[in-house]
Amino acid sequence: MRRRSHVLALLLACVTPLAAQQWQPGSALPLVRSAVMHRVARDNDSLLGSWSAAAHGIVRFASVLDHGTGPVERVMKADELRVEVYGEVPNRSKQIILAWRDTTFLPTGIRYHRDHLGIVANDFGSTIRLGEGDEVRDLIHPLSLAGLDYYRFAMGDTVTLAGPHGTVRVVAVAVRPADPAAPGTVGTLYLDVDRAALVRFRFTFTPAAYRDATVEDITVTLENALQENARWLPWRQSIVIRRSTTWIDLPLHTVLRGDWTIDNYQLGVPQPPERFVGPFIGGLRDPAPGAVWTAPLAAALDSMPVAEADVAAEQREASAALGGKLLDGLPRFRFFGHGVSDLLHINRVEGITPALGAQWTIGRLLTLRARAGYGFSDQRVIGDASLDLPVGGAHVTVSGGRTVTDVVDHPTFSGAVNSLTTGVDGDDHGDYLLLERVAASVRTDMGRGVTVHVTAARERTASVASAFTPLLDSVTTNPALGAGSAWMGELELGRTAVDGDGWQLALERGQGDATWWRADATVQGRTTAGPGTLQFDGEAGAGTSGLPAYRSFVVDGPGWLPVVPDRSLGGRRMARAELAWQFPVALPTPPFPYSHLVRLPSTIGPLLAAGVAGGTLPLLPWQGTGRIEPVGGVRLDLWGPLLRLECGFSLRTGRAALAIDVHPDWWGLL
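Just so it is clear, the structure is predicted and the values come from calculations on it, not from any experiment. (Residues numbered from 1 in each chain as written. Predicted model: local features only at pLDDT ≥ 70, side-chain atom pairs only at ≥ 80, totals over all residues. Heavy atoms only, no water.)

Is there a simple way to explain the overall build of the chain in this structure?
Helix and strand content of the chain: seven helices and 34 strands. Here the C-alpha coordinates of the chain stretch approximately 85 × 60 × 40 Å along the principal axes. Summarising the internal contacts of the chain: among those between residues at least 6 apart in sequence, 62% fall at separations of at least 24. When the accessible surface of the chain is split by element, carbon and sulfur atoms take 60% of a total near 29,400 Å². Charged side chains in the chain number 61 positive and 68 negative. The centres of these two groups are separated by 3 Å. (Helix = DSSP H or I, 4+ residues; strand = E, 2+ residues; numbered from the N terminus. Contact = heavy atoms within 4.5 Å. Areas by Shrake-Rupley, 256 points an atom, 1.4 Å probe, with all protein chains shown as cover. Lys, Arg positive; Asp, Glu negative; His and termini not counted. Charge placed at Lys NZ, Arg CZ, Asp CG, Glu CD.)

Is there a simple way to explain the pairing of strand β5 (residues 127-130) in this structure?
Only one face of β5 is buried: it carries I128 and L130, and the other face, with T127 and R129, is open. Alignment of β5 against strand β6 (residues 136-140), held across three bridges, turns out to be antiparallel. The partner of T127 across the bridge, within β6, is I140. Hairpin connection, β5 to β6: the antiparallel pair is bridged by five residues, and G131 has positive phi, about 60°. (Buried < 20%, exposed > 50% of the residue type's maximum accessible area, 1.4 Å probe, protein only. Pairing = 2+ DSSP bridges.)

How should unusual backbone geometry be read in this particular structure?
Across the chain, the bulk of peptide bonds are trans and the bulk of non-glycine residues have phi less than zero. In the segment running from G640 into P641, the intervening peptide bond is cis, with an omega of 0°. Mapping P641 onto the fold places it in the loop between β32 (629-638) and β33 (643-650). Despite not being glycine, N264 has its phi angle at roughly 55°, a positive value. Within the secondary structure, N264 sits in strand β14 (residues 252-267). Despite not being glycine, R567 shows a phi value in the positive range, around 55°.

Just to check I follow, could you spell out the environment of A197 for this structure?
With respect to the helices and strands, A197 occurs in the loop between β9 (185-192) and β10 (198-205). In this structure the C-alpha to C-alpha distance between A197 and V72, which are 125 residues apart in sequence, comes to 38 Å. When sequence neighbours within four positions are dropped, the list of residues in contact with A197 reads H38, Y190, L191, D192 and W232.

Looking at this structure, how should I read helix α2 (residues 30-42)?
A turn of α-helix holds 3.6 residues, and therefore any two residues three or four places apart point the same way. Taking 1.5 Å per residue as the helical rise, α2 with its 13 residues ought to reach 18 Å, and the 18 Å between its terminal C-alpha atoms agrees with that figure. Buried residues of α2: L31, V32, A35, V36, R39 and R42, and no others. The buried residues of α2 occupy an angular sector of 145° when the element is viewed end-on, so they sit on one face. (Expected span 1.5 Å × (residues − 1). Arc of directions from axis to C-beta.)

I'm lost on the side chain of T221 in this one. Help?
Within the fold, T221 resides in strand β11 (residues 215-227). For T221, the side chain forms a polar contact with the side chain of R202, separated by 2.5 Å. Apart from residues lying up to four places away in sequence, T221 is in contact with R200, F201, R202, R236, Q237 and S238. (Polar contact = N/O pair within 3.5 Å; in protein donor to acceptor, adjacent residues only side chain to side chain.)

Looking at this model, I keep getting lost on the pairing of strand β19 (residues 366-375). Mind explaining?
Look at any regular strand and the pattern is simple: side chains alternate between the two faces of the sheet. Relative to β19, strand β18 (residues 351-362) runs antiparallel, the two being bridged by eight bridges. Opposite L356, over in β19, you have A372 as the bridge partner. Hairpin connection, β18 to β19: the antiparallel pair is bridged by three residues, and G363 has positive phi, about 65°. Both β19 and strand β20 (residues 380-391) contribute to a ladder of nine bridges, which runs antiparallel. Bridge assignment links Y374 to a residue of β20, and that residue is V381.

What is the right way to read the environment of G430 from this model?
Relative to the assigned elements, G430 resides in the loop between α7 (415-425) and β22 (432-447). Through-space distance from the C-alpha of G430 to that of D406 is 5.7 Å; in sequence the pair is 24 residues apart. If sequence neighbours within four positions are ignored, G430 has contacts with R348, D406, F413, N418, N478 and R567.

What's the story with the side chain of D388 in this structure? I'm lost.
In this structure, D388 sits in strand β20. Lacking a salt bridge, the buried D388 has R369 as its closest oppositely charged neighbour, with an N-O distance of 5.6 Å. Separated by 2.9 Å, the side chains of D388 and H395 make a polar contact. Aside from chain neighbours lying at most four places away, what touches D388 is L365, L366, T367, H395, V396 and T397. (Salt bridge = Lys/Arg side-chain N within 4 Å of Asp/Glu carboxyl O.)

Is there a simple way to think about the confidence of the model for the chain in this case?
Low pLDDT means the predicted coordinates in that region are not meant to be read closely. Predicted confidence across the chain gives a mean pLDDT of 87, with 92% of residues reaching 70 or more. Within the model, pLDDT remains below 50 along residues 1-20, and this stretch shows 26 contacts once partners closer than five positions in the same chain are excluded. (pLDDT = per-residue confidence, 0-100.)

Help me understand the packing of aromatic side chains, please; the structure alone is not making it clear to me.
Each aromatic ring pair is characterised by the separation of its centres together with the angle its planes make. Throughout the structure, instances matching the rule amount to eleven aromatic pairs. On the basis of an interplanar angle of 70° and a centroid distance of 5.2 Å, the ring pair of Y150 and Y151 is categorised as edge-to-face. Ring centres of F333 and F335 lie 5.6 Å apart, and the angle between their planes is 70°; this geometry places the pair in the edge-to-face category. The class for F333 is partly exposed, based on a relative accessible area of 37%. Put simply, the rings of F124, F201, F203, F205 and Y210 touch in pairs and so form one group of aromatic residues. Looking at R176, its charged tip hangs above the ring of W23, at a distance of 4.5 Å from the centre. Stacked on the ring of W235, the Lys or Arg R236 has its end atom at 4.2 Å from the ring centre. (Phe/Tyr/Trp six-rings, centres within 6.5 Å; stacked < 30°, edge-to-face > 60°. Lys NZ or Arg CZ within 6 Å of the ring centre and 35° of its normal.)

Can you walk me through the pattern of salt bridges in this structure?
Here the structure, examined in full by the defined rule, presents 35 salt bridges. Measuring nitrogen to oxygen at the nearest pair gives 3.1 Å for the salt bridge that ties E223 to R236. Of the two residues, E223 sits in strand β11 while R236 sits in strand β12 (residues 231-243), which places them 13 residues apart along the sequence. Looking at E223, the relative accessible area reads 14%, which means it is buried. Taking the relative accessible area as the measure of exposure, R236 reaches 36% and is therefore partly exposed. Salt bridges here are not isolated pairs; linked through shared partners, they connect D409, E508, R518, D520 and R551.

Is there a simple way to think about a negative patch on the surface in this case?
Taken together, the side chains of D425, D427, D473 and D566 present a region of like negative charge at the surface. Within the secondary structure layout, D427 lies in the loop between α7 and β22. (Patch = residues over 30% accessible without salt bridge, like charges linked within 9 Å, V, L, I, M, F, W, Y side chains within 5 Å.)

When you look at α7 in this model, what are you seeing that I'm missing?
Within the sequence span of α7, burial applies to N418, S419, T422 and G423. Around the axis of α7, the buried residues are gathered within 125° of arc, so they sit on the same side. On its buried face, α7 sits against β17 (344-347) and β22. Backbone geometry just after α7 places G426 at a positive phi near 80°.

Hey, could you run me through the nonpolar core in this one?
Across soluble globular proteins, nonpolar side chains have a tendency to be buried as a group. The biggest cluster of nonpolar side chains holds 61 residues, and the ones touching the most others in it are L189, F205, I218 and V220. What L189 contacts, discounting residues up to four positions off in sequence, is P142, L143, F153, V171, A172, V173, V175, L198, R200 and F201. Counting residues in hydrophobic clusters, the runner-up holds 15 residues, among them M488, A514, L620 and W622. (Core = buried A, V, L, I, M, F, W, Y, C linked by side-chain atoms within 4.5 Å.)

Okay, structure coming up:
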């Protein structure tokens with residue numbers, strides 16, 4: 001009992017309440033009132049009576065898959081634009097698209113709203129509109145006369161921001177609607193201490209602000225720069241729109257992100273009256289080739305920031321400002337699945353197994369998920385349920401379930417492909433056990449992308465037998481992995497970036513029919529090397545002598561050590577490392593409708609990997625030989641990448657093998 005109390009104390013220690021903020025109407029804060037009046041004066045400024053500027057932007061449409069340890073973002077389409085911007089008081093603007101090119105990296109038929117192809121002029125004016133009013137329409141701006149009482153503001157610290165013309169002292173002012181359930185913005189205003197001008201505004205919206213049911217959230221960042229040492233005008237902007245399906249929650253959503261830079265201002269230059277005739281964004285209606293571009297669009301994307309990390313941080317801060325309420329605009333009830341294989345899969349134990357889950361959001365704080373499935377071969381009902389509640393800056397989850405699960409912690413193959421090969425000829429890469437588990441966990445963000453996850457659990461494991469008959473051949477015997485009952489405590493610490501770089505540390509304690517300690521660490525990194533990218537992956541782990549079979553380590557397999565026979569190398573200890581150099585290669589695009597418009601990049605390059613395992617456990621297919629297994633080969637990532645082909649050979653035995661699977665980036669969905 002003492003050990004369990006220690007685990008619960010650690011759980012509670014991870015829940016850190018936010019410091020109380022003093023929310024007040026804008027009319028009660030002199031700096032906010034001055035900022036509102038500054039915008040009114042700006043709109044009647046004689047120097048800004050007429051002006052012009054040049055804007056350069058890149059708009060990207062991407063898919064984002066959540067693998068559980070971090071998201072993977074893949075750009076599907078990118079557009080680059082050069083736009084002339086003209087302004088005239090009060091709040092009158094016109095934009096002309098002069099140059100526009102695009103590249104499609106994965107098949108998509110997306111068409112943008114016209115206002116996503118230009119900048120936000122005048123910080124939106126007195127009302128905010130996005131997606132030509134389809135996404136957000138006529139929302140009160142916090143720094144408008146109406147916004148003084150509609151919103152609540154909280155004064156923060158004085159900080160220094162860097163701009164193109166030096167640094168400036170600003171005060172961070174948090175903002176949210178007086179009524180958290182009302183349409184409005186939630187974010188932070190950075191106001192110039194000396195001029196009360198808006199320098200930076202980073203915000204998202206309350207769910208009631210969204211008009212499109214597919215919008216998960218929108219994050220906007222507007223940065224102004226001091227022009228002629230007197231006027232704060234737009235300098236950099238980004239708008240990120242995340243969308244998901246309205247009826248089912250899968251580990252996949254799309255992101256539309258526009259990043260803009262505005263410069264070359266000309267102030268006090270008269271514009272002809274006809275300048276502002278017609279639509280507010282004119283010029284080119286479709287992308288057109290031109291000599292203005294000097295480098296491929298794909299090269300310009302390399303220096304662009306990824307969308308997901310920035311958005312996640314802003315959403316967490318905004319949620320905290322509203323007392324932990326969920327901010328997505330999606331329906332409160334949806335079906336869900338952890339991936340396609342969660343909805344329907346085939347393995348040698350359960351056979352054909354359909355499953356479906358549903359989730360409810362209760363009061364925008366509590367999320368309930370429940371899922372059930374049935375294996376037609378073992379005639380076993382499986383299912384799980386969870387309750388998730390934000391507390392302070394953390395998420396507390398209580399869960400329970402009865403599932404048939406693979407022995408490994410991280411997937412080494414595609415679930416969809418494994419279902420196909422199992423159904424046809426019984427070639428199943430998994431090894432399964434029945435897991436019954438009840439757990440309470442806390443997950444919190446420690447800043448700089450580092451997360452801590454603490455779990456206390458009671459679980460019981462039992463061995464399961466092969467029961468499925470494939471169309472051809474037969475299935476092999478499933479190993480005995482059951483270990484009875486145990487209490488468990490787990491501590492995970494990690495940092496994962498959208499581009500895949502990161503690290504994870506995990507420590508586990510088990511006490512019951514078996515008693516053990518277990519620790520493992522992983523690291524991933526990549527860097528540019530000549531014409532390609534150098535990628536490194538490494539993992540090491542160890543467990544004590546009491547480690548049960550289902551918590552042992554497995555090192556080999558197509559996704560880890562190609563050529564080494566699948567599920568043959570493992571034990572209580574292991575280490576693995578892989579170094580791969582991938583560079584672009586031009587390959588023909590597979591024929592499909594409009595394939596001539598799509599650029600599907602492929603990469604090829606050598607890889608070198610090695611693994612070792614020790615501490616053999618009896619009666620298991622994988623053995624801890626204590627012998628290093630070095631592997632060399634060539635890896636080809638095809639078309640997007642969508643597929644991965646590996647040709648490897650053992651540097652110790654000379655054995656060669658070929659493996660084909662869906663690219664690992666898509667395993668979380670499949």
